[in-house]
Amino acid sequence: MTFLREIAPFIPPASPDDRGETIFRRFEIEPDTMAIAIVDDDGRPLGLVERNSFLVRMAAQHGHALWSRRPISAVMQTDPLVAEGDLTVEQFCGEVLEERPSELLHGFIVTRNGRYAGVGAMLALLQASAAAATLHASQARDALAARARFLAVMSHEIRTPLNGVLSVAEIIRRKSADPSLRPLVDTIVESGGVLLRLLNDALDLSRAEASGLELDVQPFDVAGLLDEIANLWSPQAEIKGVRLDTRFAGPAGLWLAGDAIRLRQILNNLISNALKFAASRIDVRILATESASGAVRVEASIADDGPGVPPDRRDNIFAPFQQTEEGARLGGAGLGLAVCRQLVEVMGGVIAAGESDYGGARLAFEIELPRAHAPGGAEPAPVGHAVEDAARAAHVLIADDNPTNRMVARQLCEIFGLSAECVDDGAEAVEAARSGRFDLILMDIQMPGMNGVDATHAIRSMRTAVALTPIIALTANAGTADATFYRRAGMNGVVAKPINPEELLRAIDDVLASAAEPEQAFSVA
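Residues numbered from 1 in each chain as written. Predicted model: local features only at pLDDT ≥ 70, side-chain atom pairs only at ≥ 80, totals over all residues. Heavy atoms only, no water.

### A closer look at the packing of aromatic side chains
Here the distance between the centres and the angle between the planes together describe a pair of aromatic rings.
Right, on to step 1. Tallying each qualifying case throughout the model produces four aromatic pairs.
Right, on to step 2. Judged by centre distance (5.3 Å) and plane angle (50°), the ring pair of Phe10 and Tyr116 falls under tilted. Residue Phe10 is found in the loop between helix H1 (4-7) and helix H2 (20-29), and its partner Tyr116 is found in strand S5 (residues 115-120); the two are separated by 106 residues along the sequence.
Right, on to step 3. You can call Phe10 exposed: its relative accessible area is 54%.
Right, on to step 4. Here the basic side chain of Arg5 rests over the ring of Phe3, its NZ or CZ set 4.5 Å away from the ring centre.
Right, on to step 5. Residue placement shows Arg57 over the ring face of Trp67; its charged tip is 5.0 Å from the ring centre. (Phe/Tyr/Trp six-rings, centres within 6.5 Å; stacked < 30°, edge-to-face > 60°. Helix = DSSP H or I, 4+ residues; strand = E, 2+ residues; numbered from the N terminus. Buried < 20%, exposed > 50% of the residue type's maximum accessible area, 1.4 Å probe, protein only. Lys NZ or Arg CZ within 6 Å of the ring centre and 35° of its normal.)

Here it is, written out as structure tokens:
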């Protein structure tokens with residue numbers, strides 16, 4: 001903070017008995033002096049002479065003859081602004097702007113313990129205010145960046161043990177023949193999933209507030225996206241006894257250019273929210289129509305028959321940590337809807353809450369996206385590989401410095417019908433890959449010594465066929481920008497930790513299928 005004493009220079013004051021010609025000469029020889037304080041013998045302020053107004057008075061007809069011989073007390077401002085030097089600029093401006101804003105044009109007197117200490121000017125106030133605003137903005141940016149870095153680090157550190165918990169639970173669920181263990185394992189997976197969603201929401205919200213939330217625009221099939229979401233949520237809705245009805249209305253085979261991952265995240269958050277409150281039904285509707293601009297307007301709504309959102313809460317329900325009383329009772333941090341709003345706004349759309357036809361909540365958003373062509377004119381790839389159908393003879397190298405992560409990845413490879421070897425740092429991964437024994441490498445990013453990106457660069461620079469070995473990043477830092485960076489570094493795919501078995505298998509299928517083609521596409525940054 002800036003104090004008045006710091007911006008008010010000590011300019012020798014004048015006595016009330018000093019003549020006008022004395023003050024006139026001072027203004028002539030002191031071009032930077034904007035005002036002169038008039039004080040008594042004890043140094044207490046009596047008045048102020050402002051440069052411009054005094055010189056105008058002296059320049060008037062007969063002004064010099066009239067005022068040069070008279071004491072300055074006859075023309076001084078007798079009620080100037082006076083403030084103690086320990087007052088901050090913000091405090092001073094707040095008081096003055098409320099009571100005597102026009103007085104700032106004439107300057108002001110700064111005192112210390114009631115005695116003259118200096119004269120301040122409007123320009124100095126503006127400069128101090130501008131500097132303070134710049135400093136506050138910089139501090140706010142630094143605070144947001146620091147929070148984002150903190151959350152990113154915590155995200156990585158939390159995801160590592162969470163990967164062990166969820167992945168081992170999935171392995172037990174697939175390998176165990178004891179049906180009595182199934183509900184216990186399901187509870188572990190469900191609880192870990194809630195923790196993971198909370199972690200993702202907090203990270204996304206922080207990135208959005210720090211303007212670091214980026215979109216990865218790619219062609220996607222709108223109806224296919226809705227089918228994926230229906231397949232994901234229908235089993236959970238069935239367990240709860242809720243009917244989940246999804247419906248798409250729009251042109252057949254419609255492909256749009258947008259961030260399908262973020263759009264899926266919005267819909268998943270809204271459906272998860274609806275499933276928490278719904279009594280018996282949830283309706284998910286997506287309507288795609290041509291807009292006046294030639295783009296496609298996508299209107300999505302999720303309606304339920306739960307308690308709904310009170311009218312007085314609908315305006316702030318998308319703010320962070322805002323929940324209805326029923327929402328607070330059922331649990332949650334109140335971040336999911338806030339993330340939805342941030343993502344929709346980043347996409348240039350709007351989101352709102354209302355009442356459904358069943359008396360519950362209706363959460364709807366609208367965005368516009370340009371049309372796109374299906375990649376290569378091919379049909380969309382089927383969704384949801386069956387893990388048990390993936391029998392292969394591929395040999396996999398797993399590079400990860402965490403023993404639990406290595407164990408999880410190796411167990412999943414065995415479930416997929418793959419053989420695997422493990423190393424615990426990037427340098428060992430490069431040496432192992434040099435042998436040419438591996439059809440695929442699963443590469444952690446953050447490892448001591450040589451990290452996963454540097455190891456990938458080293459492998460890609462080899463002058464043998466080993467340089468074409470497919471590499472998949474297994475990492476807790478798997479945001480859109482991160483994934484783009486890893487691909488540019490030469491990696492063929494990215495799978496986030498905690499590892500979802502189906503997602504890992506899908507990535508393995510994709511890169512092994514690409515490796516079997518005559519030309520394998522990867523780029524080295």
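### A few points about the confidence of the model for the protein chain
Right, on to step 1. Per-residue confidence for the protein chain averages 82 on the pLDDT scale, and 84% of its residues sit at or above 70.
Right, on to step 2. Counting contacts from residues 377-391, a segment whose pLDDT is below 50, to residues more than four positions away or on other chains yields 19 contacts.
Right, on to step 3. Ignoring residues within four places in sequence, the model shows residues 518-525, a span with pLDDT below 50, making 24 contacts including any to other chains. (pLDDT = per-residue confidence, 0-100. Contact = heavy atoms within 4.5 Å.)

### Re the nonpolar core
Right, on to step 1. Judged by nonpolar contacts, the single largest core of 44 residues is most densely connected at Ile282 and Phe365.
Right, on to step 2. Within the residue set of this core, elements represented by two or more residues are helix H8 (222-240), helix H9 (260-277), strand S9 (281-290), strand S10 (296-304), helix H11 (336-346), strand S11 (350-355) and strand S12 (361-369).
Right, on to step 3. Examining the composition of this core, we find that eight residues originate from one element, H9, more than from any other. (Core = buried A, V, L, I, M, F, W, Y, C linked by side-chain atoms within 4.5 Å.)

### Description of the packing of H2 against helix H3 (residues 51-59)
Right, on to step 1. At a minimum axis separation of 11 Å, H2 and H3 run at an interaxial angle of 120°. With respect to their mutual orientation, H2 and H3 come out oblique. Considering only the axes of H2 and H3, their crossing is left-handed. Of H3, the residues touching H2 (which contributes Gly20, Ile23, Phe24 and Phe27) are Arg51, Phe54, Leu55 and Met58.
Right, on to step 2. Looking at the contact of H2 with H3, its residues break down into six nonpolar, one polar and one charged. (Axes fitted to C-alpha atoms, helices over the stretch in contact; angles between N-to-C directions. Parallel < 35°, antiparallel > 145°, perpendicular 65-115°, else oblique. Left-handed = near helix turned anticlockwise from the far one by under 90°. Nonpolar A, V, L, I, M, F, W, Y, C, P; charged D, E, K, R; others polar.)

### Some remarks on the environment of Val82
Right, on to step 1. Within the secondary structure, Val82 sits in strand S3 (residues 81-84).
Right, on to step 2. With relative accessibility at 42%, the residue Val82 sits in the partly exposed group.
Right, on to step 3. Note: C-alpha distance between Val82 and Gly114 (32 residues apart in sequence) is 9.2 Å.
Right, on to step 4. Once residues within four sequence positions are removed from consideration, Val82 is found in contact with Pro45, Ile109 and Thr111.

### Thoughts on the sheet that holds strand S13 (residues 395-399)
Right, on to step 1. Ordered in space as S14-S13-S15-S16-S17, the five strands form an open sheet in which the pairing is parallel. Strand pairing shows two members of the sheet lacking a second neighbour, strand S14 (419-423) and strand S17 (493-496), which therefore form its edges. Across this sheet, the average inter-strand angle for adjacent strands is 20°, counted without regard to direction.
Right, on to step 2. As paired elements, strand S15 (residues 440-444) and strand S16 (residues 471-475) share four bridges and run parallel to each other. (Pairing = 2+ DSSP bridges.)

### A word on the sheet that holds S12
Right, on to step 1. Read from one edge of the open sheet, five strands run S7-S9-S10-S12-S11, paired in mixed fashion. The sheet terminates laterally at strand S7 (243-249) and S11, the two strands that pair on one side only. Taken pair by pair, the neighbouring strands of this sheet meet at an average axis angle of 15°, ignoring direction.
Right, on to step 2. The pairing of S7 with S9 spans seven bridges and is classified as parallel. Counterpart to Arg243 in the pairing with S9 is Arg281.

### With respect to the pattern of salt bridges
Right, on to step 1. What the rule picks out here adds up to 15 salt bridges.
Right, on to step 2. Here Arg264 ties to Glu228 by a salt bridge, and the two come within 3.0 Å at their closest N and O atoms. Of the two residues, Arg264 is situated in helix H9 and Glu228 in helix H8; the sequence distance between them amounts to 36 residues.
Right, on to step 3. By relative accessible area, which is 26% here, Glu228 ends up partly exposed. (Salt bridge = Lys/Arg side-chain N within 4 Å of Asp/Glu carboxyl O.)

### Structural notes on H8
Right, on to step 1. Taking 1.5 Å per residue as the helical rise, H8 with its 19 residues ought to reach 27 Å, and the 27 Å between its terminal C-alpha atoms agrees with that figure.
Right, on to step 2. At Trp233, H8 shows its maximal kink, close to 35°; a proline, Pro235, follows between one and four residues later.
Right, on to step 3. Taken together, the buried residues of H8 touch strand S6 (218-221), S7, strand S8 (255-258), H9 and S9.
Right, on to step 4. In this structure Asp221 caps H8, since a side-chain oxygen of it lies 3.4 Å from the backbone nitrogen of Ala223. (Expected span 1.5 Å × (residues − 1). Bend = angle between axes of the 7 residues up to and from the residue. Polar contact = N/O pair within 3.5 Å; in protein donor to acceptor, adjacent residues only side chain to side chain.)

### Comments concerning helix H13 (residues 426-434)
Right, on to step 1. Of all the positions in H13, only Gly426, Ala429, Val430, Ala432 and Ala433 are classed as buried.
Right, on to step 2. For H13, the side-chain oxygen to backbone nitrogen distance between the N-cap and Ala427 is 3.1 Å, and the N-cap itself is Asp425.
Right, on to step 3. Among the residues trailing H13, Gly436 stands out with phi positive, at a value near 80°.

### Thoughts on the state of the cysteines
Right, on to step 1. Considering all chains together, one arrives at zero disulfides under this definition.
Right, on to step 2. Cys413 supplies the cysteine sulfur nearest to Cys422, a cysteine that is in no disulfide, at a spacing of 8.1 Å.
Right, on to step 3. Residue class for Cys422 comes out partly exposed when judged on its relative accessible area of 28%. (Disulfide = S-S within 2.5 Å.)

### As for the side chain of Asp305
Right, on to step 1. Mapped onto the elements of the fold, Asp305 is located in the loop between S10 and helix H10 (325-330).
Right, on to step 2. No salt bridge forms around the buried Asp305; measuring N to O, its nearest opposite-charge neighbour Arg281 is 6.1 Å away.
Right, on to step 3. Within the structure, the side chain of Asp305 is placed 2.8 Å from the backbone nitrogen of Ala279, a separation counted as a polar contact.
Right, on to step 4. Polar contacts involving the side chain of Asp305 include one to the main-chain amide nitrogen of Arg281, which spans 3.4 Å. (Lys, Arg positive; Asp, Glu negative; His and termini not counted.)

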